Amino acid sequence: MKEVVEEVQDIDEEEAKLQQLRSKATELLLREEWTEAIDAYSHFISLCQEQLLKPHHQQSKLQKSLCLAHSNRAEARFRLKEFAAALKDCDEALKIECAHLKTLLCKGKILFDLNRYGSALECFRAANLDTQESFNFKTLNEYLDRCKKLELLSKTGSFDLSDWILGGFRGKMPELAEYIGGVEIKKSEISGKGLFATKNVECGTLLLVTKAIATERGILPQDDSSQNAQMVMWKNLVDKVVESARKCSRTRGLISMLSDGEEGNDDMDVVPEIDLFRPEAEEERFSSRDLDVDNILSILDVNSLVEGSISSKVLGKNSYYHGVGLWLLASLVNHSCEPNVRRLHIGDHVAIHASRDVKAGEELTFAYFDVLQPFSTREEMSKNWGFICNCRRCKYEKTLSHNQEMAELEMVIGKGLDMGSVVYRLEECMKRVMVRGKGKGYIRASFWGAYEEASGSEKVMRKWGRRIPAIGTVVESVVDAIGSEERIVKLLMAGLKKNGNVAALGGCGSVEMEKAMKLGRGIYGKIMKRQALKNLLQQFIIHEEI
Ligand SMILES: C[S@@+](CC[C@H](N)C(=O)[O-])C[C@H]1O[C@@H](n2cnc3c(N)ncnc32)[C@H](O)[C@@H]1O
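Residues numbered from 1 in each chain as written. Predicted model: local features only at pLDDT ≥ 70, side-chain atom pairs only at ≥ 80, totals over all residues. Heavy atoms only, no water.

A. Inspection of the nonpolar core at higher detail. By size, the foremost hydrophobic cluster in this structure holds 94 residues, and its most contacted members are Phe159 and Ile488. Discounting residues that sit within four places of it in the chain, Ile488 has contacts with Leu372, Trp448, Val475, Val478, Val479, Ile482, Gly483 and Leu519. (Core = buried A, V, L, I, M, F, W, Y, C linked by side-chain atoms within 4.5 Å. Buried < 20%, exposed > 50% of the residue type's maximum accessible area, 1.4 Å probe, protein only. Contact = heavy atoms within 4.5 Å.)

If you want it as structure tokens, here you go:
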């Protein structure tokens, strides 16, 4: 009898201890002290598990408490973005009670944040079955709607910026989902791995949408401290990326697949399957690597991208805006001075689309720097990136680099001389050395500054008249060589305006306007409503007038 009494007393004491721990953990959770709440729940969970190993008169009550503790620890871990650990907790809770509403909601939110919309939808649907819990009904329905929409977007990539543009970028930014279109990863003849088109696509076609691992944004000061401010932003970005890699083995694994710029690095020879980059890729497919901060630093050096915000760049506002980040799949795109894709930064996502028609099997390349520059300047810029570009255009222009006259003409661009004479002499020189076909586009792109300046001056154009080629001809050959580009469209639009063709912007299109619209699609991707694309193109002229 005495023994039984002692046993009951022990149980009561243990229960009191559990009760106390649970209250403390709940309080910490309510106070949003996530790390401390996790510690308290961890303590509670291990005590609970110990108790469950013993014969106990309140097994089912203990099981319920354990389920709730896992669920609450999952919530705290979710808030700290420790997604993998939070998901494990959800699964433990659901093992005990498969329809536990709070856990289903938490798991749905985690999967949603991991862009795994299909699986998130399953959780929210299961949670939705319990209609009695009406307090969460509105939030749940909102999640269900967003999940359905984003799941469709992740399959089709069919987002449209039209209404946002037509609203002057003042409305809500369109919500995007990650999307992998007709692309694959293969060994590249340019360098290491690259991204390739799997089918023929026309100019403007969306190929990829990918969400940043981390970004850092700000308006740079307009004085000498600007460089310091950039350094601070860079350091913050490094911290954010390291933190994401520390918390998630998938992120760690994927980052380690990017180039660290070192030639002959074995890891660079491995060509990962594109499916690994899909949010649904199973965790087991990523070998668990230790965090290597030095390696992440080298990788960031080579792969981080400076973003241009569509609204700020197009509207000409915030010209001191600076944003930098790491976008995984976009990091596999190599550079070329005759690129075929462009990127558009929208919120935390980057969308990559064809900036000209692309054939199946072609490697996708974008310009890491301004390619409307002479060969020698581009060579310098590519050296700054740590490589020497050997694209077809560079190879071709290298064969002409000994040409004394071209070298002299290159020196005078932007020096206040009559650019009509530079263009004239260049065109004559091209005839003499028999530059033909695409070659003409290459050279004109390299001397773009001269064409731009000449066509901007009524006086120069009057003086040189038919002795220099019409702007339409120049634009066509340059676009054929390097694809669509803002400065080219700007020139085309200015030409349209001068010829009184700008009226076509508001009404039905002339042939020239249609050409400008195609170039616009090359720059911004397919914008569904014509008027929205026209608005974007019009900005080029409006800013000319300011
Ligand atoms: C963002 S990564 C591009 C993907 C990279 N090829 C890979 O294997 O992961 C940038 C690095 O690729 C290489 N790269 C990119 N474009 C190149 C080019 N045109 N010529 C030579 N190397 C290039 C350089 O090492 C550069 O630092």
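B. Spatial organisation of the side chain of His349. Position of His349 relative to the elements: it lies in strand S9 (residues 349-354). In this structure His349 comes out as buried when scored by relative accessible area, which is 9%. His349 has contacts with Leu176, Ala177, Glu178, Val209, Thr210, Lys211, Trp327 and Leu344, leaving out every residue within four places of it along the chain. (Helix = DSSP H or I, 4+ residues; strand = E, 2+ residues; numbered from the N terminus.)

C. Representation of the state of the cysteines in the model. The final tally for this structure, using the stated rule, is zero disulfides. Unpaired in this structure, Cys98 has its nearest cysteine sulfur neighbour in Cys67, at a distance of 9.9 Å. Under the relative-accessibility criterion, Cys98 is labelled exposed at 65%. Cys90 provides the cysteine sulfur closest to Cys106, a residue in no disulfide bond, and the two sulfurs are 4.2 Å apart. (Disulfide = S-S within 2.5 Å.)

D. Focus on the site of the ligand. Around the ligand, a shell composed of 17 residues is seen, among which Ser191, Lys193, Ser331, Asn334 and His335 lie nearest. Note that a nitrogen atom of the ligand is positioned 2.8 Å from one of the backbone N or O atoms of His335. Burial of the ligand by the protein chains amounts to 92% of its free accessible area of 570 Å². Of all the secondary-structure elements, those providing two or more residues to the shell around the ligand are helix H12 (293-303) and strand S7 (334-335). Across the shell around the ligand, the residue classes tally to nine nonpolar, seven polar and one charged. (Near = heavy atom within 4 Å. Polar contact = N/O pair within 3.5 Å; in protein donor to acceptor, adjacent residues only side chain to side chain. Areas by Shrake-Rupley, 256 points an atom, 1.4 Å probe, with all protein chains shown as cover. Nonpolar A, V, L, I, M, F, W, Y, C, P; charged D, E, K, R; others polar.)

E. Structural view of the environment of Tyr424. Position of Tyr424 relative to the elements: it lies in helix H17 (residues 419-432). Under the relative-accessibility criterion, Tyr424 is labelled partly exposed at 27%. Remark: the alpha-carbon pair of Tyr424 and Lys463, spanning 39 residues in sequence, is separated by 11 Å. With sequence-adjacent residues up to four places away left out, Tyr424 is seen in contact with Trp464, Arg467 and Ile468.

F. Inspection of the pairing of strand S4 (residues 206-219) at higher detail. Where strand S1 (residues 179-180) lies against S4, two bridges are found, and the strand directions are antiparallel. Residue pairing across strands places Ile180 opposite Leu208, the latter belonging to S4. Of the pairings in the sheet, the one linking S4 to S9 comprises five bridges and is antiparallel in character. Counted as the bridge partner of Leu206 is His353 from S9. Here seven bridges tie S4 to strand S6 (residues 321-327), and the two strands are oriented antiparallel to one another. Pairing of Ala212 across the sheet is with Trp327, part of S6. (Pairing = 2+ DSSP bridges.)

G. Structural detail: the packing of helix H18 (residues 438-446) against helix H21 (residues 471-482). One way to put it is that H18 packs onto H21 with a least axis distance of 8 Å and a crossing angle of 100°. Between H18 and H21, the angle is such that the two are roughly perpendicular. Residue-level contacts link Lys438, Gly441, Tyr442, Arg444 and Ala445 of H18 to Thr473, Val474, Ser477, Val478, Asp480, Ala481 and Ile482 of H21. (Axes fitted to C-alpha atoms, helices over the stretch in contact; angles between N-to-C directions. Parallel < 35°, antiparallel > 145°, perpendicular 65-115°, else oblique.)

H. Layout of the domain arrangement of the protein. In terms of domains, the protein is made up of domain 1 (2-156), domain 2 (162-366) and domain 3 (396-545). Relative to domain 3, the C-alpha centre of domain 2 lies at a distance of 29 Å. Of the residues lining the interface, 23 residues belong to domain 2; the matching set on domain 3 comes to 25 residues. Approximately 1,800 Å² of surface area, both sides summed, lies buried where domain 2 meets domain 3, with 53% of it carried by carbon and sulfur atoms. The interface formed by domain 2 and domain 3 includes four salt bridges. A salt bridge links Glu202 to Lys526, with the shortest nitrogen-to-oxygen separation between them at 3.1 Å. Broken down by secondary-structure element, the contributors of at least two residues to the side of domain 2 that touches domain 3 are helix H8 (162-166), helix H13 (310-314), strand S8 (341-346) and S9. Per-element accounting of the side of domain 2 that touches domain 3 gives the leading share, four residues, to H8. Grouping the amino acids of the side of domain 2 that touches domain 3 by side-chain chemistry returns eleven nonpolar, six polar and six charged. (Domains from an automatic or database assignment. Buried area = accessible area lost by both parts, 1.4 Å probe. Salt bridge = Lys/Arg side-chain N within 4 Å of Asp/Glu carboxyl O.)

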